[in-house]
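Observations on the three-dimensional arrangement
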Amino acid sequence: MTLKSKHAWLNVICLILFSFSLSAQQTFWAMPTFDVGEAKEGVISVEQVFHYELFQPKQGYEKVRLVQRKYASLSSAEEAFVARMSAIASLDYQWWLDTWEVDSKQLALNYYANKGLDQTYWLDTWQKQFVGRKITYKQKIVLPEHTIIIYNVAAPNGKPGPIDLPVVFEQAKQEWLVSLDLRRAPLLRYSPWIKGLDKKEIVYE
Amino acid sequence: MSKFMRNRVRLFITLLVSFPLVVSAATSRFEEQGERSFTLVEHYKYHRMQYKDALIKQFYEQRRDANEGADRQLIQFISALRKDNFDWWLSNWNQNTQVDWQQKTELKKARRVYNYWRATVTKQSSVRLKDYILIGQYVLVGVQIDNEYHLLPFELENGYWRIDQAYMNAVFFQKLKQRLDAELAN
């Protein structure tokens, strides 16, 4: 055996020993500081079933018909949605603020303030993305305590916009107001109504 | 028919005709498609290491601001209770938890949780580390205090291990705790 081939064999043996030591003592991103046994892999599974009522817009009622503030109402989620869209399309910031539920409004305004999203930003955004655009109803989802209206804002050429957007409403006293209650809810996160999804399975590694 | 009566009849007819339109505008934009259901199944993988007879006999005398590991932070948490030091105990929780409790000062939320833990840990309590579990970005440390099993989720916040109260409310966390609890009981 030449010196070169001896070195090659030595390298292979070292590699095998190194691999063995890795498998024998697993390393993780955080380790305990007291003596422990070997790490064992486990899995915990949680199944949640959500129920909702699905509504589609009737033929001829797809287009959102905007109203002046004096004709607006918050007596139902649908009316509140019309008020919300009318406030945005008429660049009425105060009216838009008045369509929020109090706690959700505070949460939203704090978040926007941290991101520097002030009144000027919103008016500019609405001017560019809402004013003069066709808004259509896509779906209505009714949950025990909330109603979600899904809508689409058309592009300037009148073609449907790329994504459908949800607005969540909750009833506070006699009025339906915009709510952030469902911001972390899995049902809204996965919005199964978009593709008619009835089950989703996720593995968190 | 008097002019007054004619106006009343006209108003009545107008209302009769327009009322269904108003109701229609408010209720008939959508048609029901029926009830639907959506099943979400989430699998959380974890790595579990069991401590080898880790009975804790040495506790901290005072707060130490150092990253010495999640299990050492748990010992600080228990040390604060043994010393009856509320501020030290509170510093073991993450910022979100502390902010949440500040917002619930009228409910004395922080004090109520503290009182629960004070009733759990006494100077005579036996404290034995049981589990070190890695799950996502969290380290869960299982500890047996006297005969009760407790599981606390730690996350790294600005380089320090801190406990997250919101994580303890998650369904999978509760389920995992129940599983480990039952294992200990058997």
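Being a predicted model, the structure only gives us computed values, none of them experimental. (Residues numbered from 1 in each chain as written. Chains lettered and ligands numbered in written order. Predicted model: local features only at pLDDT ≥ 70, side-chain atom pairs only at ≥ 80, totals over all residues. Heavy atoms only, no water.)

As for its position among the elements, E32(B) is in strand β1 (residues 30-56). Given the relative accessible area of 47%, E32(B) is considered partly exposed. Beyond its immediate chain neighbours, meaning those up to four positions away, E32(B) contacts E53(A), L54(A) and F55(A). (Helix = DSSP H or I, 4+ residues; strand = E, 2+ residues; numbered from the N terminus. Buried < 20%, exposed > 50% of the residue type's maximum accessible area, 1.4 Å probe, protein only. Contact = heavy atoms within 4.5 Å.)

This part covers the pattern of salt bridges. Residues and elements named next belong to chain A. Taken as a whole and judged by the stated rule, the model has 15 salt bridges over all chains. Across the pair K128 and D124 runs a salt bridge, and its minimum N-O distance is 2.9 Å. Residue K128 and its partner D124 are located together in helix α5 (residues 119-129), separated by four residues, close to a single helical turn. In this structure K128 comes out as exposed when scored by relative accessible area, which is 54%. The exposure class of D124 is partly exposed, given its relative accessible area of 36%. (Salt bridge = Lys/Arg side-chain N within 4 Å of Asp/Glu carboxyl O.)

This next bit is on the packing of helix α2 (residues 70-82) of chain B against helix α5 (residues 109-120) of chain B. All names here are of chain B. Across the interface, α2 lies against α5 with an axial gap of 9 Å and an inter-helix angle of 90 degrees. When the axes of α2 and α5 are compared, the pair comes out roughly perpendicular. Each of F77, A80 and L81 in α2 lies in contact with α5, whose residues at this interface are Y114, W117 and R118. The residue makeup of the contact of α2 with α5, split by class, is five nonpolar, no polar and one charged. (Axes fitted to C-alpha atoms, helices over the stretch in contact; angles between N-to-C directions. Parallel < 35°, antiparallel > 145°, perpendicular 65-115°, else oblique. Nonpolar A, V, L, I, M, F, W, Y, C, P; charged D, E, K, R; others polar.)

Our next topic: the nonpolar core. Counting 56 residues, the largest nonpolar core has F77(B) and W89(B) as its most contacted members. The greatest single-element share of this core, amounting to seven residues, is contributed by α2(B). One finds F55(A), A77(A), W122(A) and Y151(A) within the second-largest nonpolar core, a separate group that totals 32 residues. (Core = buried A, V, L, I, M, F, W, Y, C linked by side-chain atoms within 4.5 Å.)

This next bit is on the pairing of strand β1 (residues 40-57) of chain A. Across 18 bridges, β1(A) lies against β1(B) in antiparallel orientation. Bridge assignment links Q56(A) to a residue of β1(B), and that residue is E31(B). Across three bridges, the pairing between β1(A) and strand β2 (residues 135-142) of chain A is antiparallel. Across the sheet, F55(A) pairs through a bridge with K140(A), a residue of β2(A). (Pairing = 2+ DSSP bridges.)

On to the confidence of the model for chain B. Chain-level statistics for chain B give a pLDDT mean of 88 and a share of 85% at 70 or above. Between residues 15-25 of chain B, whose pLDDT stays under 50, and residues either more than four places distant or in other chains, the model counts three contacts. (pLDDT = per-residue confidence, 0-100.)

One can find D164(B) in the loop between β5 (160-163) and α6 (165-168). We note that D164(B) is buried and unpaired, the nearest opposite charge coming from R184(A) at a distance of 9.9 Å. A distance of 3.1 Å separates the side chain of D164(B) from the backbone nitrogen of A166(B), its partner in a polar contact. Apart from residues lying up to four places away in sequence, D164(B) is in contact with N94(B), T97(B), Y138(B), P153(B) and E155(B). (Lys, Arg positive; Asp, Glu negative; His and termini not counted. Polar contact = N/O pair within 3.5 Å; in protein donor to acceptor, adjacent residues only side chain to side chain.)

Once that is clear, we can look at the interface of chain B and chain A. Contact with chain B, which involves 48 residues of that partner, is made by 52 residues of chain A. Buried area between chain B and chain A, both sides added, is near 5,300 Å², and the carbon and sulfur share of it is 58%. Among the residues chain B hides against chain A, the three largest losses belong to R29(B), F30(B) and F38(B). Together they make up 19% of the total. Ionic pairing is found between E79(A) and R29(B), a salt bridge with its closest N-O pair at 3.2 Å. Elements supplying a minimum of two residues to the side of chain B that touches chain A: α1 (3-27), β1, α2, β2 (127-135), β3 (138-145) and α7 (171-185) of chain B. Ranked by residue count, the leading element in the side of chain B that touches chain A is β1(B), at 25 residues. Residues of the side of chain B that touches chain A, tallied by class, amount to 22 nonpolar, 12 polar and 14 charged. Here strand β6 (residues 199-204) of chain A runs beside β1(B); their pairing, made up of six bridges, is parallel. Across the sheet, K199(A) pairs through a bridge with T39(B), a residue of β1(B). (Buried area = accessible area lost by both parts, 1.4 Å probe.)

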